[in-house]
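Survey of secondary and tertiary structure
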Amino acid sequence: MATLSGKKVLVIGGSSGIGYATAAGALAEGAKVTIASRSEEKLRAAQALLGGKVEMRRLDVTKDTEVEAFFGDALSYDHVVVSGAAFKFGTVRDLPLEDAYAAMNVKFWGAYRVARKAAVAPGGSFVFVSGFLSRRPKPNMVLIGAINAALETLAQGLALEMAPVRFNVVSPGIIDTPTRAAMPAEARKTMLENVAKALPVKRVGQAEDCADQILLMLRNTFMTGSVVYVDGGGLLI
Ligand SMILES: NC(=O)c1ccc[n+]([C@@H]2O[C@H](COP(=O)([O-])OP(=O)(O)OC[C@H]3O[C@@H](n4cnc5c(N)ncnc54)[C@H](OP(=O)(O)O)[C@@H]3O)[C@@H](O)[C@H]2O)c1
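Below you will find a few notes about this structure. (Residues numbered from 1 in each chain as written. Predicted model: local features only at pLDDT ≥ 70, side-chain atom pairs only at ≥ 80, totals over all residues. Heavy atoms only, no water.)

1. Considering the packing of helix H4 (residues 97-117) against helix H5 (residues 142-161)
- It is at 10 Å that the axes of H4 and H5 come closest, and there the two elements cross at 10°. With respect to their mutual orientation, H4 and H5 come out roughly parallel. Every pair of crossing elements has a handedness; the one defined by H4 and H5 is right-handed. Along the contact surface, H4 presents Ala100, Ala103, Met104, Lys107, Phe108, Ala111, Tyr112 and Ala115, while H5 presents Leu143, Ile144, Ile147, Asn148, Ala150, Leu151, Leu154 and Leu158. (Axes fitted to C-alpha atoms, helices over the stretch in contact; angles between N-to-C directions. Helix = DSSP H or I, 4+ residues; strand = E, 2+ residues; numbered from the N terminus. Parallel < 35°, antiparallel > 145°, perpendicular 65-115°, else oblique. Left-handed = near helix turned anticlockwise from the far one by under 90°. Contact = heavy atoms within 4.5 Å.)

Quick look at the structure:
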């Protein structure tokens, strides 16, 4: 199997959660890692935690011009991971349309914009991060499930349209990352405990569980158009 040693890996959303764990894993395998996200402060903190051994570049994937400028500098990457997203959710009736459009804009159109502009070296690949709600719709998060499904299908189409560049998707279940930092601590703890009890594996996921699969997809040159659910058996219950 190919190795990531010396490969240029860009992780969008690399300042936190699944993206951060992916950046750390790629770095440990000897890749030249760049992390990107909106907040310079978060990027600096992540860069420091990673021993200053990664490049950092500011990028908001919701902005057409930023994405174009980011990839317009003739730099190419071997692998591009798109894990950057933040959105509000709610029922279709209650979620303001503005927030619904914003969720689609960051998670679906963000990946689309990146795939459209990123220069990837021969033998390279993209990994998108979707979410198991694509296959297991949940009241209150209907739109997110639909966005995840769209993202998975986008990657499979691009695996054909942009071949031999490879496109794969990791679709996480419930992963304990800073994404729920805004929840009251006690409610978050109870929610995660309940999820752990219900799952066949009896624990919630960690960012590293998803990062492991992402790194495999970057390395494995026989994988393209694959969607892998890293959900602790969440699709089964
Ligand atoms: N955690 C879960 O349970 C779970 C489950 C299913 C799917 N997922 C998906 O997994 C992906 C990663 O989530 P996570 O849990 O790792 O979340 P996280 O810890 O909150 O990390 C999100 C990352 O995205 C960046 N980001 C947000 N908006 C961005 C934008 N417009 N442009 C560029 N970067 C942006 C954030 O940095 P800045 O704030 O600096 O931009 C941060 O680095 C998301 O797509 C999420 O929907 C997560």
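Having seen the structure, we can now continue with the description.
2. A few points about the sheet that holds strand S7 (residues 227-230)
- Reading across from one edge, S3-S2-S1-S4-S5-S6-S7 is the order of the 7 strands in this open sheet, with parallel pairing throughout. Single-partner strands in this sheet number two, and they are strand S3 (55-58) and S7. On average, each strand axis in the sheet is tilted by 20° relative to the strand beside it, whichever way the strands run.
- With 4 bridges connecting them, strand S2 (residues 32-37) and S3 associate as parallel partners. Counted as the bridge partner of isoleucine 35 is methionine 56 from S3.
- Of the strands in this sheet, strand S1 (8-12), strand S4 (77-82), strand S5 (120-129) and strand S6 (166-172) touch H4, which is tilted by about 180° from S5. (Pairing = 2+ DSSP bridges.)

3. A few points about the packing of aromatic side chains
- One pass over the structure, following the stated rule, counts 6 aromatic pairs.
- Look at phenylalanine 70 and phenylalanine 71: their rings are 4.8 Å apart centre to centre, the planes differ by 65°, and that puts the pair in the edge-to-face class. Phenylalanine 71 matches phenylalanine 70 in its accessibility class, with the two residues each being buried.
- Measuring from ring centre to ring centre gives 5.1 Å for phenylalanine 108 and tryptophan 109, while their planes differ by 85°; the resulting arrangement is edge-to-face. (Phe/Tyr/Trp six-rings, centres within 6.5 Å; stacked < 30°, edge-to-face > 60°. Buried < 20%, exposed > 50% of the residue type's maximum accessible area, 1.4 Å probe, protein only.)

4. What about the pairing of S4?
- Across the 6 residues that make up S4, a large majority, 6, are buried.
- As paired strands, S1 and S4 are joined by 4 bridges and run parallel to one another. Considered in S4, the bridge of isoleucine 12 is made with valine 82.
- Of the crossover connections in this fold, the one passing from S4 over H4 to the parallel S5 is right-handed. (Right-handed = clockwise from strand over helix to strand, strands pointing away.)

5. Looking at the site of the ligand
- Close to the ligand lie 31 residues, the nearest being Ser15, Ser16, Lys42, Thr177 and Arg180.
- In the environment of the ligand, an oxygen atom lies 2.8 Å from a nitrogen or oxygen atom belonging to the backbone of isoleucine 18.
- Within the backbone of glycine 173, an N or O atom sits 3.5 Å from an oxygen atom of the ligand.
- Within the complex, the protein chains bury 93% of what would otherwise be the 890 Å² of accessible surface of the ligand.
- The set of elements that each furnish at least two residues to the shell around the ligand consists of helix H1 (17-28) and H4.
- Partitioned by chemical class, the residues of the shell around the ligand number 12 nonpolar, 14 polar and 5 charged. (Near = heavy atom within 4 Å. Polar contact = N/O pair within 3.5 Å; in protein donor to acceptor, adjacent residues only side chain to side chain. Areas by Shrake-Rupley, 256 points an atom, 1.4 Å probe, with all protein chains shown as cover. Nonpolar A, V, L, I, M, F, W, Y, C, P; charged D, E, K, R; others polar.)

6. A short note on the nonpolar core
- In terms of nonpolar packing, the biggest core is built from 35 residues, with Ile12, Phe71, Val80, Val114, Phe126, Phe128 and Phe167 touching the most fellow members.
- Tallying contributions element by element places H5 first for this core, with 7 residues.
- Formed by 30 residues, the second largest nonpolar core is a distinct cluster that contains Ala46, Leu50, Val54 and Ile175. (Core = buried A, V, L, I, M, F, W, Y, C linked by side-chain atoms within 4.5 Å.)

7. Digging into helix H6 (residues 185-198)
- For H6, spanning 14 residues, the distance from its first C-alpha to its last is 20 Å, which sits close to the expected 20 Å at 1.5 Å a residue.
- Here H6 has its buried residues at Leu192, Val195 and Ala196. Looking straight down H6, one finds that the buried residues subtend no more than 100° of arc, so they occupy a single side. Of the exposed residues in H6, the ones pointing more than 90 degrees away from its buried face are Glu186 and Lys197. (Expected span 1.5 Å × (residues − 1). Arc of directions from axis to C-beta.)

8. Topic: unusual backbone geometry
- With omega at 10°, the peptide bond leading from alanine 163 into proline 164 counts as cis.
- Within the secondary structure, proline 164 sits in the loop between H5 and S6.
- Even without a glycine there, the phi angle at asparagine 140 is positive, about 85°.
- Its location among the elements puts asparagine 140 in the loop between S5 and H5.
- The phi dihedral of lysine 202 falls on the positive side, at around 60°, and the residue is not glycine.
- Tracing the backbone through its elements, the reader meets lysine 202 in the loop between H6 and helix H7 (207-219).
- Residue classification places lysine 202 among the exposed positions, given a relative accessible area of 54%.

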